[in-house]
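# Inside the fold
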Amino acid sequence: MKDLFNKVSEKVSETKGSVMDAVEKGISLDALSEKFSGMTDAAREKSAAFTNDLISLSPIIEEIGFKTNGITINMGLPPDVTFHFEKFKDIDTVRKDEILAQHKDKLMLTTIVKALLSADSFQNKLKLGSFHFNTIDLCIGLTPGVSVQLVPKKIEALPATI
């Protein structure tokens, strides 16, 4: 996986140089397109395998109480995968640890679960007012990140008066 990130970093640097050249000389979409499609077949295969490994974690993460509402795959340079999670149940620490122990061979699982639990803990500390917690977006790529989405609470319709 480290090799993949190194290759992607090299491609990002090359692409950044190409973008800067394009901006200076007038943007050539053909030249830019060549750089983005220049990812080798081996790098594409490694990226696809990594993405498949991440997608296969969804059922396990659901056991821990977070349902995957969607997955966004960005095939740019650098590639990344964003999972859109919704918390639907709480489980105790003992059960969570049992699940993680059963799947200790899945290296990214513990990292993802820790990020979800940290985001969940953060949102529990917020004074939400007229908002409610909706989703946790977890981006896994060269620059990983977690975002929490809050949406307005639905207001119950008042009965019509005549």
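The coordinates are above.
Residue positions are given per chain, counting from 1 as you read along its sequence in written order. Local features in a predicted model are, by the rule used here, given only for residues with pLDDT of at least 70; side-chain atom pairs are given and counted only at 80 or more, and totals for whole chains, interfaces and linings are based on all residues. Note that water and hydrogens are dropped before the side-chain values are worked out from all heavy atoms of the structure.

## Points about the nonpolar core
Formally: Only buried residues count toward a nonpolar core, which is a set of Ala, Val, Leu, Ile, Met, Phe, Trp, Tyr and Cys residues joined through side-chain atoms within 4.5 Å. Each residue gets one of three labels from its accessible area relative to the maximum for its type: buried under 20%, exposed over 50%, partly exposed in between, using a 1.4 Å probe on protein chains only. Secondary structure elements are taken from DSSP: a helix is a run of H or I of four residues or more, a strand is a run of E of two residues or more, and numbering for both begins at the N terminus. Any two residues whose heavy atoms approach within 4.5 Å are treated as being in contact.
Within the largest apolar cluster, 22 residues are counted, with the highest numbers of intra-cluster contacts made by L54, I61, F85 and I112. When residues in this core are grouped by element, the largest group, six residues, is from helix α6 (residues 107-124). With residues up to four places along the chain from it excluded, the contact list for L54 reads V81, F83, M108, I112 and I140.

## A word on the sheet that holds strand β4 (residues 145-152)
Picture the strands of a sheet paired through backbone hydrogen bonds; they go either parallel or antiparallel. So the rule is basically this: Only strands that DSSP links by at least two bridges are regarded as paired with each other. In this analysis an axis means a line fitted to C-alpha atoms, helices contributing only their contacting stretch, and an angle means the value between N-to-C directions, from 0 to 180 degrees.
Spatially, the four strands line up as an open sheet ordered β1-β2-β3-β4, and their pairing is antiparallel. Two strands bound the open sheet, and with one partner strand each, they are β1 (66-74) and β4. Here the strands of the sheet are splayed against their neighbours by 25 degrees on average, with no regard to which way each runs. Where strand β2 (residues 80-87) lies against strand β3 (residues 131-141), six bridges are found, and the strand directions are antiparallel. What sits directly across from F85, in β3, is I136. Relative to β2, helix α3 (residues 41-55) is tilted by about 5 degrees, and along the sheet it contacts β1, β2 and β3. Contacts from α6 reach β1, β2, β3 and β4, with the element oriented near 150 degrees to β3.

Any link to function would need more than the numbers given here.
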